[in-house]
Protein chains: 2
Amino acid sequence: MTIRIGIMGYGNLGKGVEYAITQNPDTILAAVFTRRNPDTVKPVTANVPVYSASDILSHKDEIDVLILCGGSRSDLPVQTPEMAAAFNVVDSFDTHANIPMHFANVDKAAVSGGKVGIISIGWDPGLFSLMRLYGNVCLPEGKDYTFWGKGVSQGHSDAIRRVKGVKNGKQYTIPVDSALERIRSGETPELTTREKHTRECFVVPEEGADLKQIENDIKNMPNYFSDYDTTVHFITEEELERDHSGIPHGGFVIRNGKTGADSANTHVMEFSLKLDSNPEFTSSVLVAFARAAYRLNSEGVSGCKTIFDIPPAYLSPKSHSELISTML
Amino acid sequence: MTIRIGIMGYGNLGKGVEYAITQNPDTILAAVFTRRNPDTVKPVTANVPVYSASDILSHKDEIDVLILCGGSRSDLPVQTPEMAAAFNVVDSFDTHANIPMHFANVDKAAVSGGKVGIISIGWDPGLFSLMRLYGNVCLPEGKDYTFWGKGVSQGHSDAIRRVKGVKNGKQYTIPVDSALERIRSGETPELTTREKHTRECFVVPEEGADLKQIENDIKNMPNYFSDYDTTVHFITEEELERDHSGIPHGGFVIRNGKTGADSANTHVMEFSLKLDSNPEFTSSVLVAFARAAYRLNSEGVSGCKTIFDIPPAYLSPKSHSELISTML
């Protein structure tokens with residue numbers, strides 16, 4: 001059994017999916033769909049056809065699962081429901097506040113088409129959500145914490161680049177170690193935004209720009225930086241390219257809870273990720289859930305699913321008895 | 001909807017289940033079953049009936065899920081299949097090598113009775129198994145590591161107490177920090193038994209015993225200690241009682257993997273537990289899976305299940321839409 005995967009959108013995430021497929025022997029890349037001119041898109045994999053996104057329905061029979069690699073702001077809210085009517089789909093929709101609406105839209109389309117749509121897959125939402133759920137059910141009397149980083153925030157990097165006098169820049173979100181340590185030791189503090197994360201900016205100024213003013217503008221930017229302790233470093237374009245071209249990320253989900261007589265015993269559950277490439281890791285998770293989408297649909301399931309709805313065994317290429325004997 | 005839970009076996013695990021039930025408002029403790037004289041067993045919860053284990057079938061209609069709190073060596077291999085024919089059951093069977101056989105036995109009984117039996121629940125097997133699975137599917141090109149401790153190993157503590165001249169004792173399994181650090185940094189070393197864990201023993205000698213001989217006998221005991229760096233401390237019975245009466249445990253599951261072009265990017269997934277009370281945490285996990293057993297069976301599912309087969313949402317008392325809006 002080979003699962004024929006289609007990629008919609010060939011950016012960082014789409015390329016990551018392509019690499020992930022090579023690591024999963026039960027999957028093949030059947031086609032790439034793009035809104036650009038297909039002639040300009042060259043997949044790494046040999047002999048993979050590239051089609052125009054507008055022609056996708058004519059390739060319906062060539063694809064078992066379509067992985068949607070667009071953005072959460074404008075692509076996925078439209079694409080995922082549209083595609084779920086015709087394909088099993090997986091997306092990484094990550095606008096937390098809009099997930100309930102997205103779920104409803106995808107569910108309606110997927111049910112009508114008899115397909116499975118798995119949404120909001122990746123690490124947050126995704127694996128981190130799972131860990132929050134397992135934490136809550138295993139330790140009902142407790143508190144959970146999510147920390148992000150150390151990693152690059154695209155939104156904050158974009159915000160820096162909009163500051164007057166800034167030519168280029170990159171922002172790292174960094175968890176505060178002392179807060180992590182308090183929580184790991186079993187404390188359950190109420191933490192302010194400032195106590196949880198710091199922000200570190202690497203800025204390439206335009207020639208002759210007012211550095212003091214740039215630093216001031218960044219540090220006082222509402223929503224993005226003013227609630228944080230922020231550090232600004234000025235560097236050259238070459239240094240930015242050399243030292244900050246990666247897209248690392250990661251973070252921590254910690255659940256602290258109490259059990260027993262008088263809640264005398266404390267337990268700490270911690271999950272963490274340290275990722276060299278945020279999009280490549282997300283892609284790799286997407287491919288595992290594509291397998292689950294295919295299998296569920298093969299069993300007659302349809303509708304929208306989240307990471308909370310997928311029995312873990314459906315993610316693995318191993319048989320059930322192999323899983324039990326090797327991993328349980 | 002209230003889930004009526006029965007506890008079979010009122011030791012550390014059974015008591016832990018009783019406390020966990022008080023933290024889960026959709027569950028109540030309906031009855032305790034014991035092989036001892038029921039008059040000698042006094043649950044903490046008021047007005048809970050205690051029945052003889054041999055009468056359990058006459059209480060079939062009072063119990064939605066029976067949590068089996070016996071031992072893996074002789075109790076569960078017999079009890080779980082026997083009970084699964086009449087009750088939804090959950091157990092913590094932890095003899096890894098025998099899980100396939102146990103699964104087959106429980107499956108046959110549960111299918112015949114139209115019930116759900118969830119086996120091998122806890123943290124290893126259990127949450128650690130889950131993390132191994134999620135690690136493998138998210139990073140197919142990688143390696144995983146499981147470390148246990150710091151925590152009390154009952155088997156090794158029992159082994160110490162069988163040594164000539166030893167009155168009492170307790171053994172802690174401790175992961176080697178430097179090995180953990182190497183793996184966290186992205187290395188994928190092949191580690192020997194000795195490189196992964198050390199063993200620390202606290203021993204109360206009998207009066208006039210030969211301490212050198214005891215230390216020697218422990219350190220050279222095959223299977224249990226000879227493959228490890230072992231430290232032996234001699235203490236008094238009072239010190240043992242004061243400083244070592246807890247049953248802490250925990251451990252780490254780490255998956256290291258590579259993605260992308262030329263596998264250039266490294267990712268580290270880490271899950272850890274730090275538990276003040278091994279049995280109370282295990283009990284708390286058992287109760288969450290009792291909820292899942294009840295729900296699955298209410299939907300008409302029957303047969304044996306493992307932690308790999310349960311959609312995470314079934315573990316939570318929250319509705320699906322609440323889960324999506326609060327945890328995803």
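Above: the structure in question.
All figures in this text were calculated on a predicted structure; none of them were measured in a lab.

Even after reading the chapter, I still don't get the relation of the copies chain A and chain B, so can you show me in this structure?
The relation between the two chain copies is a rotation about an axis coupled with a shift along that axis. For these two chains of identical sequence, chain A goes onto chain B by a turn of 180° and a shift of 0.0 Å along the axis, with RMSD 0.0 Å. In symmetry terms, the pair is related by a two-fold rotation axis. Counting the interface residues of chain A, we find that 100% of their copies in chain B are interface residues as well, pointing to one common contact surface.

Just checking my understanding: could you explain the sheet that holds strand β11 (residues 229-234) of chain A for this structure?
Two orientations exist for strands paired in a sheet by backbone hydrogen bonds: parallel and antiparallel. Residue and element names in this part refer to chain A. Spatially, the four strands line up as an open sheet ordered β8-β9-β10-β11, and their pairing is mixed. In the strand order of this sheet, the two ends are held by β8 (151-152) and β11, each with one partner. With nine bridges joining them, strand β9 (residues 166-175) and strand β10 (residues 197-205) adopt antiparallel strand pairing. Directly across from K170, in β10, lies its bridge partner F202. In this fold helix α5 (residues 154-161) packs onto β8, β9 and β10, with an angle of close to 145° to the strand it touches most, β9. Sheet strands in contact with helix α8 (residues 211-219) are β9, β10 and β11, and its direction is about 150° off that of β11.

Honestly, the packing of helix α1 (residues 12-22) of chain A against helix α10 (residues 278-298) of chain A in this entry has me stumped. Any pointers?
How two helices pack is summed up by the angle between their axes together with the distance between the axes. All names here are of chain A. It is the contact of α1 with α10, at a shortest axis distance of 8 Å, that shows an interaxial angle of 55°. Put simply, α1 runs oblique to α10. Between α1 and α10 lies a crossing whose hand is right-handed. Contacts between α1 and α10 involve N12, L13, G16, V17, A20 and I21 from the first element and P279, E280, T282, S283, S284, L286 and V287 from the second. Here the residues of the contact of α1 with α10 sort into seven nonpolar, five polar and one charged.

Explanation requested: the packing of helix α2 (residues 76-84) of chain B against helix α3 (residues 99-113) of chain B in the structure shown.
Residues and elements named next belong to chain B. Close contact between α2 and α3 brings their axes to 7 Å; oriented N to C, the two are set at 20°. Judged by the angle between their axes, α2 and α3 are roughly parallel. You can see that α2 and α3 cross each other, and the crossing is right-handed. Along its contact with α2, which presents L76, P77, T80, P81 and A84, the element α3 presents H102, N105, V106, A109 and A110. Of the residues contributing to the contact of α2 with α3, the split by class is seven nonpolar, three polar and no charged.

How do you make sense of unusual backbone geometry when you look at a structure like this?
Excluding glycine, a negative phi dihedral is what most residues carry, and trans is how most peptide bonds are arranged. All names here are of chain B. Following D124, the chain continues to P125 via a peptide bond in cis, the omega torsion being 5°. Among the structural elements, P125 can be located in the loop between β6 (116-118) and α4 (127-138). Notably, D262 is not glycine yet its phi reads approximately 55°, a positive angle. By the secondary structure assignment, D262 is in the loop between β12 (249-259) and β13 (265-275).

Explain the interface of chain A and chain B to me, please; I cannot follow it from the model alone.
Many analyses report the size of an interface as the accessible area lost when the parts associate. Taken together, the 65 residues of chain A in the interface contact 65 residues of chain B. Taking both sides of the interface into account, the surface hidden between chain A and chain B amounts to around 5,600 Å²; carbon and sulfur atoms contribute 64%. Across the contact surface, chain A and chain B share 33 residue pairs in polar contact (both at pLDDT 80 or more). Secondary-structure elements contributing two or more residues to the side of chain A that touches chain B are α3 (99-113), α4 (127-138), β12 (249-259), β13 (265-275), α10 and α11 (320-326) of chain A.

Sorry, what's going on with the sheet that holds strand β5 (residues 88-90) of chain B here?
All names here are of chain B. Spatially, the seven strands line up as an open sheet ordered β3-β2-β1-β4-β5-β6-β14, and their pairing is parallel. In this open sheet, the two strands that pair with only one neighbour each are β3 (50-52) and β14 (303-305). Strand-to-strand twist of the sheet, defined as the mean angle between neighbouring strand axes without regard to direction, takes the value 25°. Bridge count between strand β4 (residues 65-68) and β5: three bridges; the pairing is parallel. The partner of V65 across the bridge, within β5, is N88. Strands β6 and β14 of the sheet are contacted by α3, whose axis makes an angle of about 140° with β14.

What's the story with α3(B) in this structure? I'm lost.
Because the α-helix completes a turn every 3.6 residues, residues three or four places apart line up on one side. All names here are of chain B. Between its terminal C-alpha atoms α3 stretches 21 Å, which fits the 21 Å expected from 15 residues at 1.5 Å a residue. All of the buried residues along α3 are I99, H102, F103, V106, A109 and A110. The buried side chains of α3 occupy one side of the element, clustering within an arc of 145° when seen end-on. Structural note: α3 exposes M101, K108 and S112 on the side pointing more than 90 degrees away from its buried face.

How each quantity is defined
- Residues numbered from 1 in each chain as written.
- Chains lettered and ligands numbered in written order.
- Predicted model: local features only at pLDDT ≥ 70, side-chain atom pairs only at ≥ 80, totals over all residues.
- Heavy atoms only, no water.
- Least-squares fit on C-alpha atoms with pLDDT ≥ 70 in both.
- Contact = heavy atoms within 4.5 Å.
- Pairing = 2+ DSSP bridges.
- Helix = DSSP H or I, 4+ residues; strand = E, 2+ residues; numbered from the N terminus.
- Axes fitted to C-alpha atoms, helices over the stretch in contact; angles between N-to-C directions.
- Parallel < 35°, antiparallel > 145°, perpendicular 65-115°, else oblique.
- Left-handed = near helix turned anticlockwise from the far one by under 90°.
- Nonpolar A, V, L, I, M, F, W, Y, C, P; charged D, E, K, R; others polar.
- Buried area = accessible area lost by both parts, 1.4 Å probe.
- Polar contact = N/O pair within 3.5 Å; in protein donor to acceptor, adjacent residues only side chain to side chain.
- Expected span 1.5 Å × (residues − 1).
- Buried < 20%, exposed > 50% of the residue type's maximum accessible area, 1.4 Å probe, protein only.
- Arc of directions from axis to C-beta.

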